[in-house]
Amino acid sequence: MKLEICPDIETVSQIAAERLATMIRAKPDLGIVVATGNTPMPVYAELVRMQARGEVDCRNLRVFQLDAYLGINDDDPRSLFGWMMRSFITPLGIAPENVVRFAALPPDPPAECLSYAAKVRAMGGYDVAVLGLGPNGHLGFNEPPSADDAPTRVVALTEQSVASNGHYWGGPDAVPRQSMTAGMDLLLSARAILLVVTGSRKQIILNQTLHGPVTPQVPASYLQTRPQALILADADAAGGKTA
Ligand code: PGA
């Protein structure tokens, strides 16, 4: 795991987008799993600007959904698939057939998780995972405790995730209590992992992720064991430090 501390969110986003662009130039059909949440949005916006300037062509990317609330249809404003479409797929002009997703209202959610994981594996796994850090140390919706081999599955959200996601949807009551998430096994096997961490509210959990024990109680702590992981943090998240 490598850590890079940047002065502010803008710099984090520029560096993250530039890293992604370098990978995309080398492999235009890169397989990328993209997190929703506020944190990576400026990264995606920067990639869109770079594409508009002709600096990178993202249209041939293969994109994988990271996680999905259970019981939420695509036309619901809380749909994480919808958020991924609006922030990444549509502005970058990626064809919908190049997106591997979780079905919106699967009749058998555990079977849907198995099917998603089988598709990812059949396509050779993720080239790169762009992730945010949950206030409870989750990656995707791999809620604590999640070991490094936790599979793609249905999970119950912890109260902490319900509270933090409540900011997006008008309060905790609007947050679904279950989700499907790409497993730790798939995420930690990505050939590159980019974890974006910004804001002072991530200070404590970032410190635990970087320096605490490697434990299922802090799923992101497994990144300590992954040399292909790069953590990009702003000074606020890093406790005022800059590199
Ligand atoms: P955030 O979420 O972008 O809202 O901080 C990160 C996460 O929970 O994974």
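The model shown is predicted, which means the values in this text are computed figures rather than measured ones. (Residues numbered from 1 in each chain as written. Predicted model: local features only at pLDDT ≥ 70, side-chain atom pairs only at ≥ 80, totals over all residues. Heavy atoms only, no water.)

**Q** Help me understand the site of the ligand, please; the structure alone is not making it clear to me.
**A** G37, N38, T39, G132, L133, G134, H138, Y168, R201 and K202 make up every residue found near the ligand. Between the ligand and R201, the relevant distance is 2.8 Å, taken from an oxygen atom to a side-chain nitrogen or oxygen of the residue. Out of a free accessible area of 280 Å², the ligand has 88% covered by protein chains. Among the detected pockets, the ligand sits in the largest pocket. Its residues assigned to classes, the shell around the ligand shows two nonpolar, six polar and two charged. (Near = heavy atom within 4 Å. Polar contact = N/O pair within 3.5 Å; in protein donor to acceptor, adjacent residues only side chain to side chain. Areas by Shrake-Rupley, 256 points an atom, 1.4 Å probe, with all protein chains shown as cover. 1 Å grid on protein atoms, 1.4 Å probe; cavity = no way out; pocket = protein on both sides within 12 Å on 5 of 7 lines; lining within 4 Å. Sits in = over half its atoms within 2 Å of the grid points. Nonpolar A, V, L, I, M, F, W, Y, C, P; charged D, E, K, R; others polar.)

**Q** Help me out: how do you make sense of the packing of helix α1 (residues 9-26) against helix α2 (residues 41-52) in this one?
**A** Packed helix pairs are specified by the crossing angle of their axes together with the interaxial distance, meaning the distance between the axes. For the pair α1 and α2, interaxial distance at closest approach is 8 Å and the crossing angle is 55°. Considered as vectors, α1 and α2 are oriented oblique to each other. In this structure, α1 meets α2 at a crossing whose hand is right-handed. Contacts from I9, S13, Q14, A16, A17, E18, L20, A21, I24 and R25 in α1 reach P42, V43, E46, L47 and M50 in α2. Residue composition of the contact of α1 with α2, by class: ten nonpolar, two polar and three charged. (Axes fitted to C-alpha atoms, helices over the stretch in contact; angles between N-to-C directions. Helix = DSSP H or I, 4+ residues; strand = E, 2+ residues; numbered from the N terminus. Parallel < 35°, antiparallel > 145°, perpendicular 65-115°, else oblique. Left-handed = near helix turned anticlockwise from the far one by under 90°. Contact = heavy atoms within 4.5 Å.)

**Q** What am I meant to see in the sheet that holds strand β6 (residues 128-132) here?
**A** Remark on secondary structure: sheet strands pair via backbone hydrogen bonds, oriented parallel or antiparallel. Strand order in this open sheet of seven strands is β1-β10-β9-β6-β2-β3-β5, and the pairing throughout is parallel. Looking at strand neighbours, the two that pair on one side only are β1 (2-6) and β5 (99-100), the edges of this open sheet. Where β1 and strand β10 (residues 229-234) come together, five bridges link them in parallel fashion. Following the sheet pairing, K2 is matched in β10 by L230. (Pairing = 2+ DSSP bridges.)

**Q** So what exactly am I meant to see when it comes to the environment of A156 here?
**A** When you line up the elements, A156 lands in strand β7 (residues 153-156). Distance from A156 to V33, taken between C-alpha atoms, is 21 Å for residues 123 residues apart in sequence. Here A156 is in contact with E143, R177 and Q178, once residues within four sequence places are set aside.

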